[in-house]
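# Architecture at a glance
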Amino acid sequence: MQKHKLAAVLIALSAVVIIAVAAFSAISHSAETANDKGGREMIVGKNVSLGDVTEFYYTYSSSSNPPDYKRYHFYVSGDSYMFYYEKREGDHWPLKESDITASKTMELSEEEWARFTSLIEGGKVKKRSDNAEAGDAGPWLYLYWQGDRGKYQEFAFESYTRLAEFEQLCSSLEG
């Protein structure tokens with residue numbers, strides 16, 4: 001009789017666990033769907049681990065006369081931290097790859113990568129959307145990380161001061 005009671009208790013506990021897992025899954029999916037519609041923001045260093053960051057793009061593209069184009073790309077390649085810089089100049093718009101007047105690719109030290117990540121820490125990542133500023137010169141900022149499902153990549157620095165410090169870091173890396 002004891003074996004039957006134990007078996008019944010185990011079956012009941014298993015059923016409770018299965019129901020709890022199903023309910024949690026439904027709640028998580030519902031919350032994710034609601035957040036996708038609501039424009040959820042994630043904070044770098046809190047919701048997005050700094051150790052998971054794989055790429056960051058900064059692009060400034062102005063159609064002023066003369067036009068101005070600058071791109072900074074921080075990324076992980078294998079076991080290396082990398083930095084890419086590109087400047088385009090010309091007398092026409094839009095500027096194309098053939099208008100590149102300066103570019104540089106370099107491996108970053110752990111200290112340089114740590115400086116970069118310290119500047120993006122606290123920044124916010126939100127779902128990509130059609131921006132009212134479309135056509136604006138930017139800078140346009142995008143962050144990618146391990147586990148990123150391609151939804152939340154539009155980045156904003158925590159403050160203007162952090163953006164200015166980031167631009168100073170990039171200028172120093174340009175050489």
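See above for the structure.
Summarised in this report is the structure supplied together with it. Within any chain, residue numbers begin from 1 and follow the written order of that chain's sequence. Reporting of local features is limited, given that this is a predicted model, to residues whose pLDDT is at least 70; pairs of side-chain atoms are given and counted only at 80 or more, and all residues count toward the totals for whole chains, interfaces and linings. Note that the side-chain values use all heavy atoms of the structure and ignore hydrogens as well as water.

So, about the packing of aromatic side chains. Any two of the Phe, Tyr and Trp rings considered here, Trp counted by its six-membered ring, make a pair once their centres fall within 6.5 Å; the pair's planes then place it as stacked at under 30 degrees, edge-to-face at over 60, or tilted in between. A complete count under the given rule lists 18 aromatic pairs for this structure. With 5.6 Å between their ring centres and 40° between their planes, tyrosine 58 and phenylalanine 166 make a pair best called tilted. Taken together, the residues span a long stretch of sequence, with tyrosine 58 in strand S2 (residues 53-62) and phenylalanine 166 in helix H3 (residues 160-174) at a distance of 108 residues. Judged by its relative accessible area of 6%, tyrosine 58 falls in the buried class. Burial status follows relative accessibility: with a 1.4 Å probe on protein chains alone, a residue under 20% of its type maximum counts as buried, one over 50% as exposed, and anything between as partly exposed. On the accessibility criterion, phenylalanine 166 (0% relative accessible area) is buried. Both rings, one in tyrosine 81 and one in tryptophan 113, keep their centres 4.5 Å apart while their planes meet at 15°; by these two values the pair is stacked. With tyrosine 81 in strand S4 (residues 80-88) and tryptophan 113 in helix H2 (residues 110-120), the pair connects residues that are 32 residues apart, well separated along the chain. Of the residues examined, tyrosine 81 reaches a relative accessible area of 24% and is grouped as partly exposed. Among the aromatic residues, ring-to-ring pairing joins Phe56, Tyr58, Tyr72, Phe74, Tyr81, Phe83, Tyr85, Trp113, Phe116, Phe155, Phe157 and Phe166 into one connected group. Geometry around tyrosine 69 places arginine 88 over its ring, the cationic atom sitting 4.2 Å from the centre. In this text, helices come from DSSP runs of H or I with a minimum length of four residues, and strands from runs of E with a minimum of two, each type numbered from the N-terminal end. By definition, being over a ring means that NZ of Lys or CZ of Arg is both within 6 Å of the ring centre and within 35 degrees of the ring normal.

Structural measurements only, silent on function.
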